[in-house]
Amino acid sequence: MQATTVINPRTLIADDQPDVLMALSLLLKNAGHETEAVTSPAAVIEALTKRDFDVVLMDLNYARDTTSGQEGLDLLTSIQEIDRSLPVVVMTAWASVELAVEAMRRGVRDFVQKPWENRPLLETLETQIQNRRAERRRSELRTKRRILNKNLHRELADAAEIQRGLLPKTFPQLNGIQISAGWKPASSVGGDYFDVLEFSEHQIGIAIADVAGKGLPAAMLMSNLQATLKSCSSPDVPPDKLCDRINTIVCGNTNDRQFITFFYGLLDVQERTFTYSNAGHNPPLLIHRDGDLQQLTEGGRVLGVRANQDYGHDTISLSSGDRLVFFTDGYTEARNATGEEFGEQRLCELLIDQRHLSAVELQAKAMETVTEFCSGNFLDDVTMMVLALE
């Protein structure tokens, strides 16, 4: 069992009467205090600039021919200028109500009347010492919190910079295809990711993902995902095989609390087909010209949980007027002032109703609608990507 270290309190005693100083020093030393005794205001200031004390026990009067206490009041002001948190206990035989009020205004924590009683005096000092130490602990905690918050803000800024750098700035220009994407970061950095990979003038890969967690760890995992996607993807790698490869790599780079929802598809512009695999992501929505809606669900579990997963795939045919919408859960989970979620049903109704809009217009309308719904207070990143076939 580890022994508890006892720190003896350090007490500065100030009085112009040597017999009082001696009596107080003996009393406090016997009670376990380390003491320093001085006889003038100047000596008090000198002592405080050289050493740290837990409490000051002082007289208000130092000029023998006066009982005004002005010297003591001026000393209190000087002590406050040195250390406003240092508790001061005043001893005086001449204290008036007016003097006591002024002393309190200048920082006195308590009074002891001369002649004093030993036990109440020691109890008064102990109370002030404990208060001082408690305040120091609180101050240290506040300092630690400020440092942690500063580090956290720096980490979030770094993570946000990483996230912005990973997202595409432009999209491939394809004949008969229009692509538009919007991203709204939450107050804390999340893990949304999307990309469009151009393999040829008629083949592209489309990816959208959401990394569990926030801050720098999520941003680093997102960076790892992007690097893996770009190195492993090609028009010759089916989406289900790509999910399997990425999952194996991600499983080796994550802990038990991290995972990625991921969707990837290959679009063949000439054949107007879209082959995809969904690894636990919010199913993208295919809205046909006639208003029929289809969810793209075929695939498997999220990435990063278990290696050697089997992923399925599906191939769908696309027609002119179709709208293919990809999104992250930050969109459907956005809440209004009453705590109600925007929900997938509202999203489906919105997309069906506005399906005649272009990709740019539909994406903008959807983002505007959800922003208005939650008054812009997003708890998670919100990403939407719209692909429109002319």
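Residues numbered from 1 in each chain as written. Predicted model: local features only at pLDDT ≥ 70, side-chain atom pairs only at ≥ 80, totals over all residues. Heavy atoms only, no water.

Caption draft 1: Geometry of the pattern of salt bridges. In this structure the tally under the stated criterion is 17 salt bridges. For D59, the salt bridge goes to K114, with nearest N and O atoms at 3.4 Å. Of the two residues, D59 sits in strand 3 (residues 55-59) while K114 sits in the loop between strand 5 (108-113) and helix 5 (118-166), which places them 55 residues apart along the sequence. The same class applies to D59 and to K114, which are both buried. Residue R335 pairs with E341 through a salt bridge whose shortest N-O separation is 3.2 Å. (Salt bridge = Lys/Arg side-chain N within 4 Å of Asp/Glu carboxyl O. Helix = DSSP H or I, 4+ residues; strand = E, 2+ residues; numbered from the N terminus. Buried < 20%, exposed > 50% of the residue type's maximum accessible area, 1.4 Å probe, protein only.)

Caption draft 2: Main features of the packing of helix 9 (residues 343-353) against helix 10 (residues 359-373). With their axes 11 Å apart at the nearest point, helix 9 and helix 10 run at an angle of 145 degrees to one another. By crossing handedness, the relation of helix 9 to helix 10 is classed as right-handed. Within the contact between the two elements, helix 9 uses R346, L350 and L351 and helix 10 uses L362, K365, A366, T369 and F373. Of the residues that constitute the contact of helix 9 with helix 10, the class distribution is five nonpolar, one polar and two charged. (Axes fitted to C-alpha atoms, helices over the stretch in contact; angles between N-to-C directions. Left-handed = near helix turned anticlockwise from the far one by under 90°. Contact = heavy atoms within 4.5 Å. Nonpolar A, V, L, I, M, F, W, Y, C, P; charged D, E, K, R; others polar.)

Caption draft 3: Spotlight on the packing of aromatic side chains. Applying the stated criterion to the full structure yields eight aromatic pairs. Ring centres 6.2 Å apart and planes at 20 degrees place the aromatic pair F263 and F274 in the stacked group. A residue pair is termed long-range when its members are at least 10 positions apart, and F263 in strand 9 (residues 260-268) and F274 in strand 10 (residues 273-279) qualify at eleven residues. Taking the relative accessible area as the measure of exposure, F263 reaches 0% and is therefore buried. Residue classification places F274 among the buried residues on the basis of a relative accessible area of 0%. On the basis of an interplanar angle of 55 degrees and a centroid distance of 5.7 Å, the ring pair of F263 and F326 is categorised as tilted. Note that F263 is positioned in strand 9 and F326 in strand 15 (residues 323-327), a separation of 63 residues in sequence. The residues F263 and F326 share a single accessibility class, namely buried. (Phe/Tyr/Trp six-rings, centres within 6.5 Å; stacked < 30°, edge-to-face > 60°.)

Shape descriptors only; they carry no functional weight alone.
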